[in-house]
Amino acid sequence: MRIESLLIHGGIDGDERTGAVNVPIYQTSTYKQPFFGVNTGYEYSRTGNPTREAVEKLIADLEGGIGGLAFGSGMAATTAVLTLFKSGDTVLISDNLYGGTFRVLDKVFKNFGIQYQIVDTTKLSDIKDALEALKAEGSVKGIFIETPTNPLMDITDIKEVSKLAKEYGALTIVDNTFMTPYLQKPLELGADIVVHSATKYLGGHSDLIAGLVVVKEQALWDKLHFIQNATGGVLAPFDSFLLIRGIKTLGVRMDRHNENAIQIANFLKENENVLKVYYPGLEQHPGHEIQKAQAQGFGGVISFVLDKRIDYKKFLTSLELVTFGESLGGVESLICHPASMTHGSIPYEIRQSVGIVDNLIRLSVGIENVNDLIEDLYKAFEEGKAND
Ligand SMILES: Cc1ncc(COP(=O)(O)O)c(C=O)c1O
């Protein structure tokens, strides 16, 4: 089956017993055991639940993995993956990635002796240098990348990084939230683990918080399933149902996100109120060629730097159609201020050094009429400079 059909029929397709075209919501915590020492395959819903299992099988099919795991949030998924490491291990991370991923490493895992090192993962030579520097200790056990990164849309070559990681005995973990398996399949490019904030494009309607993990080796799935059950951050049955429902329309939504985003990126590029546009679909983007080679599109997120003449607070609050708020990947366009919102937990100096400056704006382009979106942005630019 091709991906458009898999989105609708992958995993567990409907309900075999009744013929219902949708997987039922098994809203239960526990299961009756027919005989002593015998169960139906389900014992307790933290360990396994049929609705959750349906979304876990679906994401595994979509990413080309052997198994998936569903969690109560993207951060719960990332946290479960990071608990694969132990005290003394080091994880290399992209130099701009979702602030919450940095925060959990910096403020939680560091307390347990798991170290992180920030690297510009767009430069293979920088990754190699970091791996070489720590080779004697043998401490680098993982490379955690986002591509494109949140919020600067940096592109990392998944195939090359995975190859390098393997040489040094490290796992490659890719946060595939921005692309989804409709546009990019990291496991096929050599990565070991994919994580998702399914809250975003996979859910697609800004109505749930969820996280997913997919792997391509049984031993790794067994370990992560053990961790999922032991630590307990599972996705609820109703949210699993909503996520399956959202995934069915992922293809048509992503096509429209792609179409709208390239038009808006071009509008911003030509606009005198914008100093810089970060969108891998633009030919001048340094990662454009790698993105074209490893993905089927450029996605719906654009970041841009406003000219200093524009008051960014006024600009953000003048928008009427585009919603000013956290998150991305919904059918509605969402806009945020990374320095104070999504990336506020990253220290000021690091933010400045990588380019998460105060007049940086991140726009998640929705699937509304693109001309309405452009008109809204245009009007907000005018409002933003009203007191010139
Ligand atoms: C790229 C990326 N990864 C992970 C997360 C965390 O996901 P969640 O908010 O579902 O916990 C986010 C949230 O914004 C994200 O953008």
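If you're wondering where the values come from, they're calculated on a predicted model, not measured in any experiment.

**Q** Before we go on, may I ask you to explain the overall build of the chain in this structure?
**A** The helix and strand tally for the chain stands at 14 helices and 12 strands. By the burial criterion, 55% of the 388 residues in the chain qualify as buried. Here the chain displays about 16,500 Å² of accessible surface, and carbon together with sulfur accounts for 52% of that area. Charge-centre separation for the chain: the mean point of 36 positive side chains lies 4 Å from the mean point of 49 negative side chains.

**Q** What exactly am I supposed to notice about the domain arrangement of the chain here?
**A** One frequently used descriptor of interface size is the decrease in accessible area upon assembly of the parts. Taken domain by domain, the chain consists of domain 1 (3-248) and domain 2 (251-384). With centres defined by C-alpha atoms, the gap from domain 1 to domain 2 works out at 26 Å. At the interface, 38 residues of domain 1 touch 41 residues of domain 2. Of the roughly 3,000 Å² buried between domain 1 and domain 2 on both sides combined, carbon and sulfur atoms contribute 62%. The largest share of the area that domain 1 buries against domain 2 comes from Leu152, Leu183 and Tyr201, three residues that together contribute 24% of it. Of all the elements in the fold, those that place two or more residues in the side of domain 1 that touches domain 2 are helix 4 (99-108), helix 6 (158-167), helix 7 (180-183) and helix 9 (237-248). Here the side of domain 1 that touches domain 2 gets four residues from one element, more than from any other, and that element is helix 4. Taken together, the residues of the side of domain 1 that touches domain 2 break down into 19 nonpolar, 14 polar and five charged.

**Q** Honestly, the sheet that holds strand 5 (residues 171-175) in this entry has me stumped. Any pointers?
**A** Within a sheet, adjacent strands bond to each other through the backbone by hydrogen bonds, running parallel or antiparallel. Pairing is mixed across the open sheet formed by seven strands, whose spatial order is 1-7-6-5-4-2-3. The strands lining the two open edges of the sheet, one partner per strand, are strand 1 (67-71) and strand 3 (115-119). Between one strand axis and the next, the sheet turns by 20° as a mean value, whatever way the strands run. Pairing between strand 2 (residues 90-94) and strand 3: five bridges, direction parallel. The partner of Ser94 across the bridge, within strand 3, is Val119.

**Q** Where do I start with the site of the ligand in this structure?
**A** In the region of the ligand, the neighbouring residues are Ser73, Gly74, Met75, Tyr98, Glu146, Asn150, Asp175, Thr177, Ser197, Thr199, Lys200 and Ala210. At 2.8 Å from an oxygen atom of the ligand is found a side-chain nitrogen or oxygen belonging to Ser197. For the ligand, an oxygen atom lies 2.6 Å from a polar atom in the side chain of Thr199. In the complex, the protein chains occlude 91% of the 390 Å² of accessible area that the ligand would expose alone. When its residues are assigned to classes, the shell around the ligand shows three nonpolar, six polar and three charged.

**Q** Would you mind going over the environment of Ile264 with me for this structure?
**A** If you trace the backbone, Ile264 turns up in helix 10 (residues 250-269). Note: C-alpha distance between Ile264 and Asn359 (95 residues apart in sequence) is 18 Å. If near-sequence neighbours (up to four positions away) are discounted, Ile264 is found in contact with Ile302, Leu363, Val365, Val370, Leu373, Ile374 and Leu377.

**Q** Whenever I open this one, helix 9 confuses me. Can you help?
**A** Helix length check: helix 9 (12 residues) gives 17 Å between terminal C-alpha atoms against 16 Å at 1.5 Å per residue, within 8%. Residues Pro237, Ser240, Leu242, Leu243, Ile244, Gly246 and Ile247 constitute the buried set of helix 9.

**Q** Could you clarify how one ought to interpret the pattern of salt bridges in this entry?
**A** Should their charged atoms come close, side chains of opposite charge can pair. Tallied over the entire structure, the rule returns 15 salt bridges. Put simply, Glu53 and Lys57 hold a salt bridge, and the shortest N to O gap is 3.9 Å. You can see Glu53 and its partner Lys57 sitting in helix 2 (residues 50-63), four residues apart, about one turn around the helix. The class for Lys57 is partly exposed, based on a relative accessible area of 41%. Here Asp106 makes a salt bridge to Lys110, at a shortest N to O gap of 3.2 Å. For Asp106, a relative accessible area of 13% puts it in the buried group. In the salt-bridge network here, residues are joined through shared partners; they are Asp106, Lys107 and Lys110.

**Q** Explain the pairing of strand 4 (residues 140-146) here, please?
**A** For a regular strand, side chains alternate in direction, first toward one face of the sheet and then toward the other. Counting buried positions along strand 4 gives six out of seven residues, so the element sits mostly inside the fold. Pairing between strand 2 and strand 4: four bridges, direction parallel. If you follow Thr90 over to strand 4, its bridge partner there is Val140. Where strand 4 lies against strand 5, five bridges are found, and the strand directions are parallel. Across the sheet, residue Ile145 finds its bridge partner in strand 5, namely Val174. In this fold, strand 4 hands off to helix 6, which returns the chain to strand 5; that crossover is right-handed.

Reading guide: rules and limits
Residues numbered from 1 in each chain as written. Predicted model: local features only at pLDDT ≥ 70, side-chain atom pairs only at ≥ 80, totals over all residues. Heavy atoms only, no water. Helix = DSSP H or I, 4+ residues; strand = E, 2+ residues; numbered from the N terminus. Buried < 20%, exposed > 50% of the residue type's maximum accessible area, 1.4 Å probe, protein only. Areas by Shrake-Rupley, 256 points an atom, 1.4 Å probe, with all protein chains shown as cover. Lys, Arg positive; Asp, Glu negative; His and termini not counted. Charge placed at Lys NZ, Arg CZ, Asp CG, Glu CD. Domains from an automatic or database assignment. Contact = heavy atoms within 4.5 Å. Buried area = accessible area lost by both parts, 1.4 Å probe. Nonpolar A, V, L, I, M, F, W, Y, C, P; charged D, E, K, R; others polar. Pairing = 2+ DSSP bridges. Axes fitted to C-alpha atoms, helices over the stretch in contact; angles between N-to-C directions. Near = heavy atom within 4 Å. Polar contact = N/O pair within 3.5 Å; in protein donor to acceptor, adjacent residues only side chain to side chain. Expected span 1.5 Å × (residues − 1). Salt bridge = Lys/Arg side-chain N within 4 Å of Asp/Glu carboxyl O. Right-handed = clockwise from strand over helix to strand, strands pointing away.

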